[in-house]
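Listed below, chain by chain, are the residues.
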Amino acid sequence: MVRHNNQLPNNLPQLQNLIKRDPASYKDEFLQQQRHYKSLLAVFTLRPTDFNKSLDELVMFMAQVAHCYPGELTTFAQELTNMLQTHGPVLDKDMRMTFCRALILLRNKRLLTPTDLLSLFFGLLRSQDKELRKFLESHIVSDIKNLNSKHKDAKLNRNLQNFMYTMLKDNNAKAAKMSLGIMVDLYKKNIWRDTKTVNVISTGCFSKITKVMVAALKFFVTVDANDSSDDSDSSSSDDDTPNTREVIMANKVSKTTRKRTKNLKKVKRLVEKNKKKKKQKQCSNFAALTLIHDPQGFAEKLFHQLEKRHERFEVKMLTLDVVSRLIGLHQLIIFNFYPYIQRFLQPHQKEVVRMMQFVAQASHEIVPPDVLEPVLRALVNNFVTERNSSDVMAIGLNAIREMCTRAPLVMTEDLLRDLAQYKNYRERSVMMAAKSLIHVYRSSMPHLLHKKDRGRPTEASLEIVARKYGEVDAKEFVSGAEILLENENNETCENSDESGDDEWVNVSHSENEISDDENIDIEDEDEDVNDSDDDDNDDDIENTSDAEGINDTDQSISTQNSTTNITTKKKKVVSKKEQLAEKKEKAAQVSSMRILSDEDFKRIEIAQLSKQMTSAKNRKRPAEPEESSRGELVRLKDIENIYKKRKHDKQTRIDSIKKGQEGREKFGYKDGRLNPFSSKTNREKKKTKNFMMIKHKAKGKVKKSFKDKQIALRNHLTKLKKMK
């Protein structure tokens, strides 16, 4: 036993184990090691650049058993802290790492306050030791995460955020960038997801250090893509969304199977479109940008910095991206932004598609149309012209579509009708891009389009009212609530899913109300009725007076018929106006008289879907597919979307053919033998022989005429006669 105790001073791991089991019995051995530690520390202070192995082992030993003798080690943590603060930059890297690990052990044993340790570690981020900086960063993040795991310590977080704010202004680029990275990491881990964190990070966008500025700008650009998973968990369920069967039961008006199948396809498309809209609204998260205190001042300061500082092109693109997102999200007014970016809208410009994306993101209804009009003209003149390739034209039209989706008032009637003519362009990419632009204005401002481009009239399209600049569509009632008055028996409607005999909504009247030649816009009734357009395809309004050989009686009859038809159309338009006004009154009455339940909102949504299904009769061309819903962020693929797939070279076509043949049986004769190694028949062997070997036999298979048979028989008999 004595021999065992004599070995303890030289065997620190064994002594450490014994002290943790029985601290009182081995206190003398501990005090002996403590005196040895102090003497080594005094020597090390004289030469801090040298590595001392004995001190390195003693420091970790003291940290491991510090909780056993708290009274004797009251100054231990302060001694290590003073050593790092005084000689931190010149310390040997291994000794510096040991001191940091020892302090972390003391922090885990709750012998050191988190504020003192984290402030020390933030100061050590100025060190040139990359391994140490990475180690400190991971500890800071994990420590703050553990501190806020059970409950958030507001005072501690506020003090640390203030300290990080000062670190972002540090002249040391590595320390400032590391501090910013820690805050971004804490935000993404949903630990510091408050307003102060975002605003502290926003100050990094104006740092004189380019790396810090780029890291802060990337935070506002890339953080939104990582937030969709958080929102998906908290999103509401789809129980309140009407399914396909319910809508079909509500719109079961056709008796033929063909029409029911057609309606089913429409319903599926509309239901899926509404689901995508709701999902996209939930997933598009701009939490970081929405938490900025003064978005207008922040965007103006960023744009001013962009104009004054000479940075790389990639840094300018990041700044433009953040500014455009701020403008679109908060509907800011920065007039100088549009002329600045307009000069980059050239087909040969580097990253021109992203420039188009920024223009579309910065477009909203509050920007005056005369400010956005030069940008629109630049897109039209530089891209949508036949001197460019079809791809360039298609991308230009797509950018115009995205811009007009967010600011429809920027488009003029003449320009829209000119662009709509590209729907008949020879290249499919341009044709589809022009049709997508037409679809945008069908649902927002159909009166700007030509009558033949407005599409098939539906109940929903008749209710569209174009808003003027600055006008807000604030409704005093729930749209579509009038359908609740039409359902007299609510219990029958609720049980229609099970029985299948009754119907929720009967929309058969809407087909009778809309005539074959009903392409008249309600807002422009006087203009459309008095204007006899050749493209309207109304045979009864055509003027036949120019034809030769028509007598006066026929002309008078034609005039009377046209006058009668115009009067009839005016009555139909007036009646349509009266019906819409009556529906609004009913909807306002229902909204004010009762509290709508979830079931009521469900029925209203079904009725709104049925309005989009109901169309005019006798239309030969089917309805074109609906445009996909778009969120607040403009996606690059929406602008780069080109509806064609070219395969110029032969090798590309061959690769495509081979890819389609993968997994398919080999073409040709299939051997039906059970044993593939058995012999073949003479007929099978003949197929592999040279043609010259079987040429004489192939001739024998030719069908001979009667005369040839006579000649052959005569020659055969002559040959036999000679042989005799």
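These numbers were taken from a predicted model, which means no experiment stands behind them. (Residues numbered from 1 in each chain as written. Predicted model: local features only at pLDDT ≥ 70, side-chain atom pairs only at ≥ 80, totals over all residues. Heavy atoms only, no water.)

1. Some points on the packing of helix H2 (residues 12-21) against helix H4 (residues 53-64)
In a pair of packed helices, the angle between the axes and the distance between the axes together describe the arrangement. Contact geometry of H2 with H4 gives a least axis separation of 10 Å together with a crossing angle of 10°. Taken together, the axes of H2 and H4 lie roughly parallel to each other. In this structure, H2 uses Leu 12, Leu 15, Gln 16, Ile 19 and Lys 20 to contact H4, whose residues at the interface are Glu 57, Leu 58, Phe 61 and Gln 64. Here the contact of H2 with H4 is composed, by residue class, of 5 nonpolar, 2 polar and 2 charged. (Axes fitted to C-alpha atoms, helices over the stretch in contact; angles between N-to-C directions. Helix = DSSP H or I, 4+ residues; strand = E, 2+ residues; numbered from the N terminus. Parallel < 35°, antiparallel > 145°, perpendicular 65-115°, else oblique. Contact = heavy atoms within 4.5 Å. Nonpolar A, V, L, I, M, F, W, Y, C, P; charged D, E, K, R; others polar.)

2. Some remarks on the packing of aromatic side chains
Evaluation of the coordinates by the stated rule reveals 13 aromatic pairs. Geometrically, the ring pair formed by Phe 122 and Phe 163 is tilted, given 5.6 Å between the ring centres and 55° between the ring planes. Of this pair, Phe 122 sits in helix H7 (residues 114-124) while Phe 163 sits in helix H9 (residues 154-168); the two residues are 41 residues apart in sequence, bridging distant segments of the chain. The class for Phe 122 is buried, based on a relative accessible area of 0%. Relative to Tyr 340, the ring of Phe 303 lies with its centre 5.5 Å away and its plane at 85°, an arrangement referred to as edge-to-face. (Phe/Tyr/Trp six-rings, centres within 6.5 Å; stacked < 30°, edge-to-face > 60°. Buried < 20%, exposed > 50% of the residue type's maximum accessible area, 1.4 Å probe, protein only.)

3. Some remarks on the side chain of Gln 357
By secondary structure assignment, the location of Gln 357 is in helix H20 (residues 352-361). Overall, Gln 357 belongs to the buried group, its relative accessible area being 8%. Contacts of Gln 357, omitting those with residues within four sequence positions, involve Val 634, Arg 635, Leu 636 and Ile 639.

4. Some points on unusual backbone geometry
Unlike most non-glycine residues, Arg 110 shows phi in positive territory, near 60°. Mapping Arg 110 onto the fold places it in the loop between helix H6 (93-108) and H7. Its identity is not glycine, yet Asn 190 carries a phi of approximately 60°, on the positive side. Its location among the elements puts Asn 190 in the loop between helix H10 (173-188) and helix H11 (195-203).

5. Topic: the environment of Val 380
Counting through the fold element by element, Val 380 comes out in helix H21 (residues 369-382). The buried category is assigned to Val 380, whose relative accessible area is 10%. Distance in space between the C-alpha atoms of Val 380 and Ile 400 is 8.0 Å, their sequence separation being 20 residues. Non-local contacts of Val 380, meaning those with residues more than four positions away in its chain, are made with Thr 385, Ile 400, Leu 415 and Leu 419.

6. Regarding the pattern of salt bridges
The tally for this structure, following the rule as stated, stands at 16 salt bridges. Across the pair Arg 312 and Glu 314 runs a salt bridge whose closest N-O atoms are separated by 3.8 Å. Judged by its relative accessible area of 51%, Arg 312 is exposed. (Salt bridge = Lys/Arg side-chain N within 4 Å of Asp/Glu carboxyl O.)

7. Points about a nonpolar patch on the surface
Taken together, the side chains of Ile 333, Phe 335, Ile 366 and Tyr 469 define a hydrophobic patch exposed on the protein surface, amounting to about 340 Å² of accessible area. Structurally, Phe 335 can be placed in the loop between helix H18 (313-330) and helix H19 (337-342). (Patch = residues over 30% accessible without salt bridge, like charges linked within 9 Å, V, L, I, M, F, W, Y side chains within 5 Å. Areas by Shrake-Rupley, 256 points an atom, 1.4 Å probe, with all protein chains shown as cover.)

8. Overview of helix H3 (residues 27-46)
With 20 residues, H3 should reach 28 Å at 1.5 Å per residue; the first-to-last C-alpha distance of 29 Å fits that figure. If you follow the buried residues of H3, they end up packed against H2, H4, helix H5 (76-87) and H6. (Expected span 1.5 Å × (residues − 1).)

Purely geometric numbers; function is a separate question.
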